[in-house]
Amino acid sequence: AAEETNCCARMMCKDKRDFNMRIMDNMGKEVLHLQRSLRCDTCWCPCCLQKVEVQGPPGQTIGYVRQAWSVCKPKFKIQNADDETVLRIEGPCFTCSICGDVEFQVYSADGETPVGQIRKQWTGLVKEAFTDADNFGITFPMDLDVNVKATLLGAVFLIDFMFFEKE
């Protein structure tokens, strides 16, 4: 994955910056494109919640990751290209990773049936304290639509930016 932003956005807006993320295959060909607009991420401003558009191939929208309004727990909707919610994601009340993994549960569209998980993996005190590198794991059913899988990958990048790219 390679992020395309300008230096000013990275310095001034930090983790809230807009970005274009190119996800490439082993041959360097772009297979997915993630697009995030500059928005605030506070629960007190529900009109400007976070959103990532997932394109695959680039230029063809296949889904969206939309932050759902919530006061206590981070919540997201995984939507297809027609803005229909196909999955939901719910995180823990506290997203800090102190000596352990942070798990975001993936649920069916009705929010009742668990179908997978996004996990920010604890990588040890030294790496966590002195670098901004993070490791994530994602699980989902094998028979899940490939476009929904790609959109879940977009959710991993949004979750990383929102909760784990803090100074």
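Look up: the structure comes first, before these words.
Everything quoted here is computed from the prediction, not taken from an experiment.

A.B. asks: Hey, could you run me through the pattern of salt bridges in this one?
C.D. replies: Where charged atoms from two side chains of opposite charge come close, those side chains can pair. As enumerated under the stated definition, the model contains five salt bridges in all. The shortest N-O distance in the salt bridge between arginine 66 and aspartate 83 comes to 2.7 Å. On the criterion of sequence distance, the pair formed by arginine 66 in strand β5 (residues 61–68) and aspartate 83 in the loop between β6 (75–80) and β7 (85–90) is long-range, its members being 17 residues apart. Classification of aspartate 83 as partly exposed rests on a relative accessible area of 41%. Notably, a salt bridge pairs arginine 119 with aspartate 101, separated by 3.4 Å at the nearest N-O pair. Of the two residues, arginine 119 sits in strand β9 (residues 114–121) while aspartate 101 sits in the loop between β7 and β8 (102–108), which places them 18 residues apart along the sequence. Residue classification places arginine 119 among the partly exposed residues on the basis of a relative accessible area of 26%.

A.B. asks: Got a minute to help me understand the nonpolar core in this structure?
C.D. replies: Soluble, globular proteins show a tendency: their nonpolar side chains are buried together. Counting residues in hydrophobic clusters, the biggest one holds 29 residues, and the most contacted among them are Leu34, Ile78, Ile89 and Ile118. Contributing elements (two or more residues each) for this core: β2 (19–24), β3 (30–36), β4 (51–55), β5, β6, β7, β8 and α3 (146–164). In terms of residue count, α3 provides more of this core than any other element does, eleven residues in total. Setting aside residues no more than four positions away along its own chain, isoleucine 78 makes contact with Tyr64, Val65, Glu84, Thr85, Val86, Leu87, Ile89, Val148, Thr151, Leu152 and Ala155.

A.B. asks: What should I look at first to understand the sheet that holds β5 in this one?
C.D. replies: To summarise the sheet geometry, strands pair through backbone hydrogen bonds and adopt either a parallel or an antiparallel arrangement. With antiparallel pairing, ten strands are arranged side by side in an open sheet as β1-β2-β3-β4-β5-β6-β7-β8-β9-β10. Across the chains shown, the open sheet's two edge strands, defined by having one partner strand only, are β1 (2–4) and β10 (135–139). Across this sheet, the average inter-strand angle for adjacent strands is 20°, counted without regard to direction. Together, β1, β2, β3, β4, β5, β6, β7, β8, β9 and β10 form the strand contacts of α3, whose direction differs from that of β5 by roughly 40°.

Thresholds, definitions, all that
- Residues numbered from 1 in each chain as written.
- Predicted model: local features only at pLDDT ≥ 70, side-chain atom pairs only at ≥ 80, totals over all residues.
- Heavy atoms only, no water.
- Salt bridge = Lys/Arg side-chain N within 4 Å of Asp/Glu carboxyl O.
- Helix = DSSP H or I, 4+ residues; strand = E, 2+ residues; numbered from the N terminus.
- Buried < 20%, exposed > 50% of the residue type's maximum accessible area, 1.4 Å probe, protein only.
- Core = buried A, V, L, I, M, F, W, Y, C linked by side-chain atoms within 4.5 Å.
- Contact = heavy atoms within 4.5 Å.
- Pairing = 2+ DSSP bridges.
- Axes fitted to C-alpha atoms, helices over the stretch in contact; angles between N-to-C directions.

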